[in-house]
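# Working through the structure, step by step
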Amino acid sequence: MTPAPSQWSLLPDEPEAQALAPDPLALAQAAALRCRDGHFYELTGQVNQPGEPQGGLAPRWQRFFAAGGAAGWRDLSAKALRVQRRVLEDGASYNVHSDAPPLPGQDGPALARHWPLELLPMLIEPDEWRGIEAGVAQRARLLDAAMADAYGERRLLQQGLLPASLVLAHPQYLRAMHGSPPAGGVHLHLLAFDLTRCADGHWWVAGQRTQAVSGLGYVLENRLIIAQQFPEAFRQMAVQRLAASYRDFIRALTRLSPAGERSRVALLTPGPRSETYFEQAFLARYLGIALVEGADLAVRADKVYLKTLAGLERVHVLLRRVDDDWLDPLELRADSMLGVPGLLQAARAGEVVIANAPGAGWLESPGLTAFWPGVAEALLGEALRLPAIQTWWCGEDSAWRALRPRLAEFIVVPTFAASSTTRSFTPIVAADLDGDALRALAERIDADPTAYTLQARVKPAKQPVWTRGALEPRGAVLRVFALTDGQGGWTVLPGGLARVAPKRDALADAWLSIQHGSLTADTWVMTDGEVDATTLLPQPLQAADMAQVHWTVTSRAAENLFWLGRYTERAESSARLARHLIDASLMGQRGAMPAPMLPLLDALARRHGLLAPGAPGAPDDPAGFGRALLAALLPDSGAHGVGWNLRALQGCAQALRERLSPEAWRLIHEAAAQFEQHLRAVLDNPAQAAPATDVLNVLARADTHLAAITGAQTDRMTRDDGWRLLSIGRQIERLSFHAEVLAETFAQGGAGPAPLALSEEGFALLLGVFDSTITYRAQFQARREAPPLLHLLVHNTDNPRSLAWVARTLRERFAKLARHDPDWAAAVAAGLPVPEAWPLAELAAPGPALVTQLRRAAAQAGELSGLISQRYFAHVIGAEQRVWQ
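## A short note on the sheet that holds strand β16 (residues 410-414)
- What the four strands build is an open sheet, ordered β15-β18-β16-β17; its pairing is antiparallel. In this open sheet, the two strands that pair with only one neighbour each are β15 (391-393) and β17 (428-429).
- Two strands pair when backbone bridges link them, and β16 and β17 are joined in this way by two bridges, in the antiparallel orientation. Bridge assignment links Val412 to a residue of β17, and that residue is Ile428.
- Contacts between helix α15 (residues 435-447) and the sheet are confined to β16, β17 and β18 (452-456), with β18 contributing the most and set at about 130 degrees to the helix.

Right, here's the structure in full:
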């Protein structure tokens, strides 16, 4: 007798499976693993009961699998691979903070983890969605009304419908905003509700997000990827599209603004180290609004302005992703580097719409859950349509005393966010604690009951996940979004962000976090009406549109581009100098380096950050000097050498992700990561007694990476003002570095009959550092004379490494950058060096006058850097007069 095939025998790539069950519905039914009893299973649309067989596919899943046919079923594994490839191509990520060393100028590192997107969407029928939509819109109206009351008349507190200790004692209730109606009269503009389907088949509210709501960008990314994998199912099942909701949301925000349709909208981000920075940048691009950090903005006369290269431009609407505490260092956290000084005053003055209004965080407290039904009756005259998972705030003495003996039945969650006056903690499943731990928890609650809330345990629904040829049930929570229409009403986005457990039967309760490994899934809301065909994807431009095309370069982006150029050049120069110094130190250790060269080597290494403080000197300890050179290459050595500069370059590139191509970002990331990885492998190898040769190979690979980065910057970037600043940064760095090396070499060697610069070693060092050895040999063969050397390195305007070429390029790029301020540009240009005009006599017989000229040229490069920073980045001279309303 032939044994019955197991569920694992019907894999989609086995021909036997195709022969036995070519019907995709039969294949799906056979591949469906059994859901745990007592949980609603989305795949079957019912709850498994003990001892009973699992039901068949729900009608919506039958339509889904039937749309693709048997070929679509067999292609599921390939589709899953295509999803992951698309995530990688898009650079979709979620930053997870780690313990690795921080980048220069950052508080701590973050690990960018690829966005965890599951292949199969969550499917919601039209009737079911109408119930969700009505319940979510009602709760949005309720929260906005409660927010208006809390910052206005406070009737809910006076009537005892909300406890004052849950509202006024909440660290995210901002007293500074009391009595100040927001611009447009709307406090809340974007809300998120986390829903879970319980064993009764109904949707319950598990939580809500009200202050800096995340997820809208990821919803778009998921939809754009998953809809392409199942085009037939997407079309046949009449899945409602999302674009109209996003369009209407931006229109609603501008409707609330004092400037109306002329409003400039910006998305305020905490920056690249935010967990959800990718989706913030993605959402801003999709909506066609500026992505700004706090440092990009300034408040003048209660108005908010964006700092750009063209001056200050008015901002009327801020869609914020910065939490309340960090919004304004003048009135909130003084140590905040994420906010904008004076922003709260601008909001009180009604000059800017902040979505959501500052001070909305208290609405997220789970301690308030039990009070919302009574508040809804008072404010709306309605009963809540969507129930919430039952909670009990321990600050109510009677509730806590009644439930204390049953503590093991609940999940214990924090009432408040962490602050200087309140404490927070990870939710605790009390049933997982032993007797001693449970008693200790009860005693902690006794000591501070207001800080704790008890939540009933529920059995969340299971979502099918495609893994290893099977449909595996995993716990799921759905986040849906409510968007204001600007007129007192709410639109619920017809879709959402489903979070799915990372493995089967994990996280049995409704605590699913992407931070801790959960997956996400697209959410398809089907409609029995017309599918909205609105799109916000770019439309073809007409010839008349070209005259109005304008790309604003923010001052922050400009500054990062400027320093991207400087750090690229600095890394390249320091790597080249380090190679020559390591070679020279090896010669010195063998006694083959002339003694007069050793002080020069030491001075160059210290001046250009290639030695850590306290390192041995080359003249006194050549061997120790050589070891110190190698150690100082690492980014955390205490020196500002090659590794440190590569990390700084990576930090600037990270802040410019929205302007850099994926290839350019990958080059920079690989240059920094591989340099450190390979260098540590060499230096940490105990079997490697003399690693200098291997270190030189690592430096050579870094040179190759940096040459590719230079090529990308030169040949693959648009020549706008941002690029000009990048190029100016490079030329400032090159002019300063080369002038200082020349000056130090001629100053150390003196002007005697045989100056050090003209010795065999000094000559080779200068040509090598200037990357001009081949050019010199081609033009002047083996001559070791000052005039041809200085002609090539100072006067020659055809040599891109010469001071004359660098200074001329710097003047040209600066003139184009400052073309709107010709008088200021001319005054600044008059202070720049003109090496091609330096007297030939000084080059023929170099001496103190040449050294003075060279040092003056390096100083002038630094002065130009300061002037550019003041005018274009800090807006403290001149440009602040150009204010655009």
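## Focus: empty space enclosed by the protein
- With the rule as written, the count across this model stands at two cavities of 30 Å³ or more.
- Taken as a whole, the largest cavity spans an internal volume of roughly 130 Å³.
- Every residue lining the largest cavity is counted, 16 residues in all, and those nearest its centre are Met177, Ser180, Pro182, Ala357 and Pro358.
- When the residues that make up the lining of the largest cavity are grouped by side-chain class, the tally is 13 nonpolar, three polar and no charged.
- A volume near 40 Å³ is recorded for the second largest cavity.

## Notes on the pairing of strand β7 (residues 203-209)
- Across six bridges, the pairing between strand β6 (residues 190-197) and β7 is antiparallel. Across the sheet, residue Thr196 finds its bridge partner in β7, namely Trp204.
- Connecting the antiparallel pair β6 and β7 is a turn made up of five residues, with Gly201 showing a positive phi of about 85 degrees.

## Quick look at the sheet that holds strand β13 (residues 317-320)
- If you trace the four strands from one edge of the open sheet to the other, you get β9-β8-β13-β14, paired in parallel fashion. Whereas interior strands pair on both sides, the edge strands pair on one side only; in this sheet they are β9 (290-292) and β14 (353-355). Along the sheet, successive strands turn relative to each other by an average axial angle of 25 degrees, direction set aside.
- The strands touched by helix α11 (residues 277-287) are β8 (265-268) and β9; relative to β9, the strand with the most contacts, the crossing angle is about 150 degrees.

## Re the pairing of β6
- For β6, the tally of buried residues reaches eight of eight residues, placing the bulk of the element in the interior.
- Alternating positions in β6 separate into two faces, Leu190, Ala192, Asp194 and Thr196 on one and Leu191, Phe193, Leu195 and Arg197 on the other, with burial throughout.
- With six bridges connecting them, β6 and strand β20 (residues 470-484) associate as antiparallel partners. The residue bridging Ala192 from the neighbouring strand is Phe481, located in β20.

Rules used throughout
- Residues numbered from 1 in each chain as written.
- Predicted model: local features only at pLDDT ≥ 70, side-chain atom pairs only at ≥ 80, totals over all residues.
- Heavy atoms only, no water.
- Pairing = 2+ DSSP bridges.
- Helix = DSSP H or I, 4+ residues; strand = E, 2+ residues; numbered from the N terminus.
- Contact = heavy atoms within 4.5 Å.
- Axes fitted to C-alpha atoms, helices over the stretch in contact; angles between N-to-C directions.
- 1 Å grid on protein atoms, 1.4 Å probe; cavity = no way out; pocket = protein on both sides within 12 Å on 5 of 7 lines; lining within 4 Å.
- Points joined across faces, edges and corners; volume = space filled by probe spheres on them.
- Nonpolar A, V, L, I, M, F, W, Y, C, P; charged D, E, K, R; others polar.
- Buried < 20%, exposed > 50% of the residue type's maximum accessible area, 1.4 Å probe, protein only.

Note that all results are geometric; they support no functional claim without further evidence.
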